[in-house]
Amino acid sequence: QVQLEESGGGLVQAGGSLRLSCAASGRSSSNLAMGWFRQAPGKEREFVAAINWNGGYTSYADPVKGRCTISRDNVKNTVYLSMNSLKPEDTAVYYCAAAHGPSLSRRSDGYNYWGQGTQVTFSS
């Protein structure tokens, strides 16, 4: 069993920065590949970034390359998504996901566990 809890979302100015956190807990919460996805209103859930179990490999979706950094702290069992130069199209609910195994999947069905999501919204 793995439980994921996201935090750090909120209201942000265009061009601003934000850091999202995802804490994993449970009996099988170690040695997991972790990913971030997002879903905007009226849109399908899309891949944002992923990181392998020890942080040695990362993957990013094209719209966020150069603007986002995924990292993890295995002592705290937490993965982070740092975002900067935020754009209006970044507005979405951001979901943390976890998977057993070494691969960095870019598909939602490649992950076994999901958090409840945290909202990122732009102010005008």
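Overview of the structure.

**Overview of empty space enclosed by the protein**
Phase 1: For the structure on display, the rule yields one cavity of 30 Å³ or more.
Phase 2: In this model, the largest cavity occupies a volume close to 40 Å³.
Phase 3: For the largest cavity, the full set of lining residues is A24, S29, M34, R72, N77, T78 and V79.
Phase 4: Split into classes, the residues belonging to the lining of the largest cavity amount to three nonpolar, three polar and one charged.

**Overview of the environment of D62**
Phase 1: Inspection of the secondary structure puts D62 in the loop between strand 6 (58-60) and strand 7 (68-73).
Phase 2: With relative accessibility at 59%, the residue D62 sits in the exposed group.
Phase 3: C-alpha of D62 to C-alpha of P41: the two residues are 21 residues apart in sequence and 20 Å apart in space.
Phase 4: A polar atom in the side chain of D62 sits 3.1 Å from the side chain of K65.

**Points about the nonpolar core**
Phase 1: In this structure, L4, M34, W36, L81, M83 and Y94 are the most contacted members of the largest nonpolar core, which totals 35 residues.
Phase 2: At the level of secondary structure, the elements contributing two or more residues to this core comprise strand 3 (18-25), strand 4 (32-39), strand 5 (46-51), strand 7, strand 8 (78-83), strand 9 (92-100) and strand 11 (118-123).
Phase 3: Look past the residues within four positions of L81 in its chain and what remains in contact with it is L18, R19, L20, W36, V48, A49, C68, T69, I70 and Y94.

**Structural notes on the packing of aromatic side chains**
Phase 1: All told, the structure shown has four aromatic pairs when counted by the stated rule.
Phase 2: Judged by centre distance (5.3 Å) and plane angle (80°), the rings of F37 and Y111 are edge-to-face. Here the residue F37 occupies a position in strand 4, and Y111 occupies one in the loop between strand 9 and strand 10 (113-114), the gap between them amounting to 74 residues.
Phase 3: Using a relative accessible area of 7% as the deciding quantity, one classes Y111 as buried.

**Brief notes about the state of the cysteines**
Phase 1: Under the defined criterion, the tally for this structure stands at one disulfide.
Phase 2: Note that C22 is cross-linked by a disulfide to C96, the S-S spacing being 2.1 Å. Across the S-S bond of C22 and C96 the torsion is about -80°, and the bridge reads as left-handed. Here C96 lies in strand 9 and C22 lies in strand 3, a separation of 74 residues in the sequence.
Phase 3: Considering cysteine sulfurs only, C96 is the nearest to C68, which forms no disulfide, with 14 Å between them.

Cut-off values and rules
- Residues numbered from 1 in each chain as written.
- Predicted model: local features only at pLDDT ≥ 70, side-chain atom pairs only at ≥ 80, totals over all residues.
- Heavy atoms only, no water.
- 1 Å grid on protein atoms, 1.4 Å probe; cavity = no way out; pocket = protein on both sides within 12 Å on 5 of 7 lines; lining within 4 Å.
- Points joined across faces, edges and corners; volume = space filled by probe spheres on them.
- Nonpolar A, V, L, I, M, F, W, Y, C, P; charged D, E, K, R; others polar.
- Helix = DSSP H or I, 4+ residues; strand = E, 2+ residues; numbered from the N terminus.
- Buried < 20%, exposed > 50% of the residue type's maximum accessible area, 1.4 Å probe, protein only.
- Polar contact = N/O pair within 3.5 Å; in protein donor to acceptor, adjacent residues only side chain to side chain.
- Core = buried A, V, L, I, M, F, W, Y, C linked by side-chain atoms within 4.5 Å.
- Contact = heavy atoms within 4.5 Å.
- Phe/Tyr/Trp six-rings, centres within 6.5 Å; stacked < 30°, edge-to-face > 60°.
- Disulfide = S-S within 2.5 Å.

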